[in-house]
Amino acid sequence: MINSNYWQFLLQEEFKKPYFRSLMLFLESEKKNLHKVFPPESDIFKSFELCGFENLKVVIIGQDPYHGLGQAHGLAFSVNYNCPIPPSLRNIYKELINDVGITMPSHGNLDKWANQGVLLLNSTLTVRANEAGSHQKKGWEEFTDNVIKTISEHKKNVVFILWGKFAKSKSVFIDRHRHLVLESAHPSPLSVHQGFFGNQHFSKCNSYLVDKGFTAIDWQID
């Protein structure tokens, strides 16, 4: 299922549960009915494949994949190289510029973060083309909630970054005695001025990681 041995081992029981089987049948039905689904099937679990469990240091939680053609590639907030930078990600970059002094990236592909141990996890891992939220409440939320629980139970000193009401709701699955939880408004243009800018999550994250003996994340994309 996931092309990453340790993730596959940790989540093997999840893949056997009735809700997950129903979810896979739903995705098959989408294909049979000729609905375009994003990201491509080969990228659905890409966030896990680029960020191995052993190297995991940070979790950033999103909600749905982008539903426009060619955008989603399996990482929350990230888009393929040939896509314009989405508004929320552009605001994330603006906060990074002010917080840790990066220069504005020319693209929105966040593979570099994932390769350093940042799990960019959407709560729902697929979506029908041009229909935001169309794969919600099909089983993905139960799967990713259990991923968060698994990380909380099996790792120590992970930084969980929760932006917006939806992501904050996932904090109930995180043991705050074992991990750092950072919360603020969402970077969406609709809510960004309610407390996203100036949250300093990126510098706080790195300070915590270094204090715990880990290498800081290089947030610069280009």
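Calculation notes
- Residues numbered from 1 in each chain as written.
- Predicted model: local features only at pLDDT ≥ 70, side-chain atom pairs only at ≥ 80, totals over all residues.
- Heavy atoms only, no water.
- Buried < 20%, exposed > 50% of the residue type's maximum accessible area, 1.4 Å probe, protein only.
- Helix = DSSP H or I, 4+ residues; strand = E, 2+ residues; numbered from the N terminus.
- Pairing = 2+ DSSP bridges.
- Arc of directions from axis to C-beta.
- Contact = heavy atoms within 4.5 Å.
- Axes fitted to C-alpha atoms, helices over the stretch in contact; angles between N-to-C directions.

**Points about the pairing of strand β3 (residues 118-122)**
Among the 5 residues that make up β3, 5 are buried, leaving the element largely enclosed by the rest of the structure. Across 5 bridges, strand β2 (residues 58-62) lies against β3 in parallel orientation. In the sheet register, Val-59 faces β3, and the bridge partner there is Leu-119.

**Focus on the pairing of strand β5 (residues 159-163)**
The buried fraction of β5 amounts to 5 of the 5 residues, a majority that puts the element mostly inside the structure. What you see with β5 is no split at all: Val-159, Ile-161 and Trp-163 on one side and Phe-160 and Leu-162 on the other are buried throughout. Both β2 and β5 contribute to a ladder of 4 bridges, which runs parallel. In the strand pairing of β5, Val-58 is matched with Val-159. Across 5 bridges, β5 lies against strand β6 (residues 180-184) in parallel orientation.

**What about helix α1 (residues 5-15)?**
Along α1, the residues that are buried comprise Trp-7, Leu-10, Leu-11, Glu-14 and Phe-15. Viewed along the axis of α1, the buried residues span an arc of 150°, placing them on a single side of the element. As for α1, its buried residues are in contact with α2 (18-32), α3 (46-50), β3 and α6 (140-154).

**Digging into the sheet that holds β3**
If you walk across this open sheet you meet the 4 strands as β3-β2-β5-β6, and the pairing is parallel. Two strands in the sheet have a free side with no partner beyond their single neighbour: β3 and β6. The mean angle between the axes of side-by-side strands here comes to 20°, regardless of whether they run parallel or antiparallel. Packed on one face of the sheet, α6 meets β2, β3 and β5 and runs near 155° to β3.

**Some details on unusual backbone geometry**
Cis rather than trans, the peptide bond between Phe-38 and Pro-39 has omega equal to -5°. Looking at where Pro-39 falls in the secondary structure, it is placed in the loop between β1 (37-38) and α3. If you check the backbone angles, Leu-34 has positive phi at about 65° while not being a glycine. With respect to the helices and strands, Leu-34 occurs in the loop between α2 and β1. Overall, Leu-34 belongs to the exposed group, its relative accessible area being 77%.

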